[in-house]
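Survey of secondary and tertiary structure
Residue strings, one per chain:
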Amino acid sequence: AAERKSFPKHRHPWIFIAFFKRRAIRTDYPAEAGAAERQKAGRKELDKKQIKALLKKRILILDGATGTELQKRGMPGGVCPEAWCAQHHQVLQEVQRAYREAGADIIYTCTFGANRLKLGEYGLTDVRDVNERMARLARRAAGPGALVAGDIGPTGRFIEPFGDLPFEEAVA
């Protein structure tokens, strides 16, 4: 078994908070499979309780700094990362596979800015399609036994009274 490096205890405490708000999905089934096929193939969705139980057994390692790695591999500044990754999916999957090979148990989707407001800045309107496409790519790259988790980032705007974004618009 590969030896894992230890990380500072409080390096990214927010990662687990965001992770627990979503379900983690095992990736040991074909990405193209429908719901019935996934169930037959043994796909498991882990809920918060199951994830906590897994964390009691061992430390789970998440990937990290995907944006930095994408920039090293040619993603220019100022572009929409999700759109760039859709066009250069082989580069994204190379990064995700490298994290998995390095010992990551959980691979994040490339969806940090995949919300209505942030994608709208780049003229993209089909938020669901972008998120689903990034999840499929991560699932394929992660391979058997890995977990895939959505990466949830900010809108890029402040909510009133600190900014110009009404709360209702932010959560719509």
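Along each chain, residues carry numbers from 1 onward, in the same order as the chain's sequence is written. Only residues with pLDDT of at least 70 get local features here, since the model is predicted, and only at 80 or more are side-chain atom pairs given and counted; chain-wide, interface and lining totals rely on the full set of residues. Side-chain metrics in this entry use all non-hydrogen atoms of the structure; hydrogen atoms and water are not considered.

A word on the overall build of the protein chain
Helix numbers and strand numbers start at the N terminus; a helix is a DSSP run of H or I with at least 4 residues, a strand a run of E with at least 2. Each helix and strand in the protein chain was counted, giving nine helices and four strands. Listing the helices and strands of the protein chain from first to last along the sequence gives α-β-α-β-α-α-α-α-β-α-α-β-α. Here's how the labels work: a residue is buried when its accessible area is under 20% of the maximum for its type, exposed when over 50%, partly exposed in between, all with a 1.4 Å probe on protein chains only. Of all 172 residues assigned to the protein chain, the portion counted as buried reaches 35%. Contacts are assigned to residue pairs that have any heavy atoms within 4.5 Å of one another. Taking all contacts inside the protein chain whose residues are at least 6 apart in sequence as the whole, residues at least 24 apart take part in 69%.

Re unusual backbone geometry
Here the residue pair Glu160 and Pro161 is connected by a cis peptide bond, since its omega of 10 degrees sits within 30 degrees of zero. Despite not being glycine, Ala65 shows a phi value in the positive range, around 60 degrees. Considering the arrangement of structural elements, one finds Ala65 in the loop between helix 3 (48–57) and helix 4 (66–72).

Brief notes about the nonpolar core
Buried residues of nine kinds, namely Ala, Val, Leu, Ile, Met, Phe, Trp, Tyr and Cys, make up a nonpolar core once their side-chain atoms join them within 4.5 Å. Of all hydrophobic cores here, the largest spans 17 residues; its most connected members are Leu70, Trp84, Cys85, Leu92, Ile107, Cys110 and Met134. Those residues in contact with Ile107 that sit more than four places away from it in its chain are Asp63, Gln96, Tyr99, Arg100, Ala138, Ala142, Leu147, Val148 and Ala149. The next biggest cluster of nonpolar side chains, apart from the first, holds eight residues, and it includes Leu46, Leu60, Leu62 and Ala149.

With respect to helix 6 (residues 89–101)
Quick reminder: α-helices carry 3.6 residues per turn. Residues three or four places apart thus point the same way. For a helix, the expected span equals 1.5 Å multiplied by the number of residues minus one. In this model, helix 6 (13 residues) spans 18 Å end to end at C-alpha, consistent with the 18 Å of a helix rising 1.5 Å per residue. Restricting attention to buried positions, one finds in helix 6 the residues Val91, Leu92, Gln93, Val95, Gln96 and Tyr99. Where helix 6 is buried, its residues touch helix 4, helix 5 (81–87), strand 3 (106–108) and helix 8 (127–142). Looking one or two places after helix 6, you find Gly103, whose phi comes out positive at around 115 degrees.

Let's talk about the confidence of the model for the protein chain
Each residue carries a pLDDT value, the predictor's own confidence for that position, ranging from 0 to 100. When pLDDT is averaged across the protein chain, the result is 79; 74% of the residues are at 70 or more. This model gives residues 4–33 a pLDDT under 50, and the stretch forms 61 contacts once residues within four places in sequence are excluded. Overall, residues 38–42 carries pLDDT values under 50, and its contacts beyond four positions in sequence, including any with other chains, amount to six contacts.

Notes on the pattern of salt bridges
Opposite charge on two side chains allows them to pair when their charged atoms are near. Here a salt bridge means any side-chain nitrogen of Lys or Arg lying within 4 Å of a carboxyl oxygen belonging to Asp or Glu. Taken as a whole and assessed by the stated rule, the structure comprises nine salt bridges. With its nearest N and O atoms 3.9 Å apart, the salt bridge here joins Glu169 to Arg157. Taken together, the residues span a long stretch of sequence, with Glu169 in helix 9 (residues 167–171) and Arg157 in the loop between strand 4 (147–149) and helix 9 at a distance of twelve residues. Its relative accessible area of 31% is what places Glu169 among the partly exposed residues. For Arg157, a relative accessible area of 31% corresponds to the partly exposed category.

With respect to the state of the cysteines
In what follows, a disulfide is any cysteine sulfur pair within 2.5 Å. Using the criterion set out here, one finds zero disulfides in the structure. Cysteine Cys85 remains unbridged, with the sulfur of Cys110 as its closest cysteine sulfur at 3.5 Å. Cys110 gets classed as buried once you look at its relative accessible area, which sits at 10%.

A word on the packing of helix 6 against helix 8
The axes are straight lines fitted to the C-alpha atoms, using for helices just the contacting stretch, and the angles between their N-to-C directions are given from 0 to 180°. For the pair helix 6 and helix 8, the least separation of the axes is 8 Å and the interaxial angle reads 45 degrees. With respect to their mutual orientation, helix 6 and helix 8 come out oblique. Handedness of the crossing formed by helix 6 with helix 8: right-handed. Taken together, the residues of helix 8 that come into contact with helix 6 (itself represented by His89, Leu92, Gln93, Gln96, Arg97 and Arg100) are Met134, Leu137, Ala138, Arg140, Ala141 and Ala142. For the contact of helix 6 with helix 8, the residue count by class is six nonpolar, three polar and three charged. Should an angle lie under 35 degrees it is considered roughly parallel, over 145 roughly antiparallel, and from 65 to 115 roughly perpendicular; all remaining angles are considered oblique. Rotating anticlockwise by less than a right angle from the far helix to the near helix defines a left-handed crossing, while the corresponding clockwise rotation defines a right-handed one. In the scheme used here, Gly and all other residues not listed as nonpolar or charged are polar, with Ala, Val, Leu, Ile, Met, Phe, Trp, Tyr, Cys and Pro taken as nonpolar and Asp, Glu, Lys and Arg as charged.

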